[in-house]
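# Structural description and commentary
Listed below, chain by chain, are the residues.
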Amino acid sequence: MLIDSQNQFSAAQAVTSTGSTPSSNIIDLGVARDIGGAVTNPLALLCEVVTPFASGGSATLAVQFQTAPDNGSGAPGSWVTLAQSDAIPVASLVRGYRFLPGGIPGPTQRFVRLNYIVGTAAMTAGALTAGFVPALEVTTSYARGYVA
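In this report, the structure presented in the accompanying data block is examined.

Rules and cut-offs
- Residues numbered from 1 in each chain as written.
- Predicted model: local features only at pLDDT ≥ 70, side-chain atom pairs only at ≥ 80, totals over all residues.
- Heavy atoms only, no water.
- Phe/Tyr/Trp six-rings, centres within 6.5 Å; stacked < 30°, edge-to-face > 60°.
- Helix = DSSP H or I, 4+ residues; strand = E, 2+ residues; numbered from the N terminus.
- Buried < 20%, exposed > 50% of the residue type's maximum accessible area, 1.4 Å probe, protein only.
- Contact = heavy atoms within 4.5 Å.
- Pairing = 2+ DSSP bridges.
- Polar contact = N/O pair within 3.5 Å; in protein donor to acceptor, adjacent residues only side chain to side chain.
- Salt bridge = Lys/Arg side-chain N within 4 Å of Asp/Glu carboxyl O.

Okay, the packing of aromatic side chains next. Inspection of every chain in the model, using the stated rule, returns four aromatic pairs. Residues phenylalanine 9 and phenylalanine 65 carry aromatic rings whose centres are separated by 6.4 Å and whose planes lie at 90° to one another, so their mutual orientation is edge-to-face. Here phenylalanine 65 lies in strand β5 (residues 60-68) and phenylalanine 9 lies in strand β1 (residues 8-14), a separation of 56 residues in the sequence. Taken individually, phenylalanine 9 and phenylalanine 65 each receive the classification buried, so the pair is uniform in this respect. Between the aromatic rings of phenylalanine 65 and phenylalanine 132, the centroid separation amounts to 6.4 Å while the plane-to-plane angle is 55°, which identifies the pairing as tilted. With phenylalanine 65 in strand β5 and phenylalanine 132 in strand β10 (residues 123-133), this pair connects stretches of sequence that are 67 residues apart.

Okay, here's the thing in structure tokens:
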């Protein structure tokens, strides 16, 4: 998978405390926001568990895709959520689990980030890698062609 560091929200970012945690990087789309190869090659959003999550309780994790006109440095609450995942239980947060897979929600303002929300109980382990990628890798599983 190709991940450009300039288009990366998180690189194995640990997300363990309860409440809201913004991604370690904010992406500036600039004034002209033609991301991807014009109309024919739009980028995809990848947000994937790279270290399995664990919790002493029944913790959940949700991911929000957010945008703002001013990098969040203006008035509090300037970040607007364009898409949000369901609250996923800790038992499902295994390596390779993907949040909000697919196209980039829009329309966006100049700055974008991800916001991670841990609910119910704190996580004791777990990390995410997220960013814009040219395409999502999809592995197709086929039925075996033999009898064991």
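There is more to say, and it comes next.
Here we come to the side chain of serine 10. Counting through the fold element by element, serine 10 comes out in strand β1. For serine 10, a relative accessible area of 0% corresponds to the buried category. Beyond its immediate sequence surroundings of up to four residues, serine 10 is in contact with Ser23, Ser24, Tyr116, Leu128, Thr129 and Ala130.

Spatially, β1-β10-β4-β8 is the arrangement adopted by the four strands of the open sheet, whose pairing is antiparallel. Whereas interior strands pair on both sides, the edge strands pair on one side only; in this sheet they are β1 and β8 (102-103). Summarising the sheet, strand β4 (residues 44-55) and β10 pair through nine bridges and their orientation is antiparallel. Residue pairing for β10: alanine 44 is matched across the bridge by valine 133.

In this section: the side chain of serine 23. Within the element layout of this structure, serine 23 appears in the loop between β2 (19-22) and β3 (27-28). Reaching out from serine 23, the side chain makes a polar contact with the backbone oxygen of asparagine 25 at a distance of 2.9 Å. Each residue touching serine 23, except ones within four places of it in the same chain, is listed here: Phe9, Ser10, Gln13, Arg113, Leu114 and Tyr116.

Here we come to the pattern of salt bridges. Summed over all chains, the structure comprises two salt bridges. With a closest N to O distance of 2.8 Å, aspartate 28 and arginine 110 form a salt bridge. Of the two residues, aspartate 28 sits in strand β3 while arginine 110 sits in the loop between β8 and β9 (111-119), which places them 82 residues apart along the sequence. The partly exposed category is assigned to aspartate 28, whose relative accessible area is 39%. Looking at arginine 110, the relative accessible area reads 32%, which means it is partly exposed. Salt-bridge contacts for arginine 98 lead to glutamate 48; the nearest nitrogen and oxygen are separated by 3.1 Å. Note that arginine 98 is positioned in the loop between β7 (88-89) and β8 and glutamate 48 in strand β4, a separation of 50 residues in sequence.

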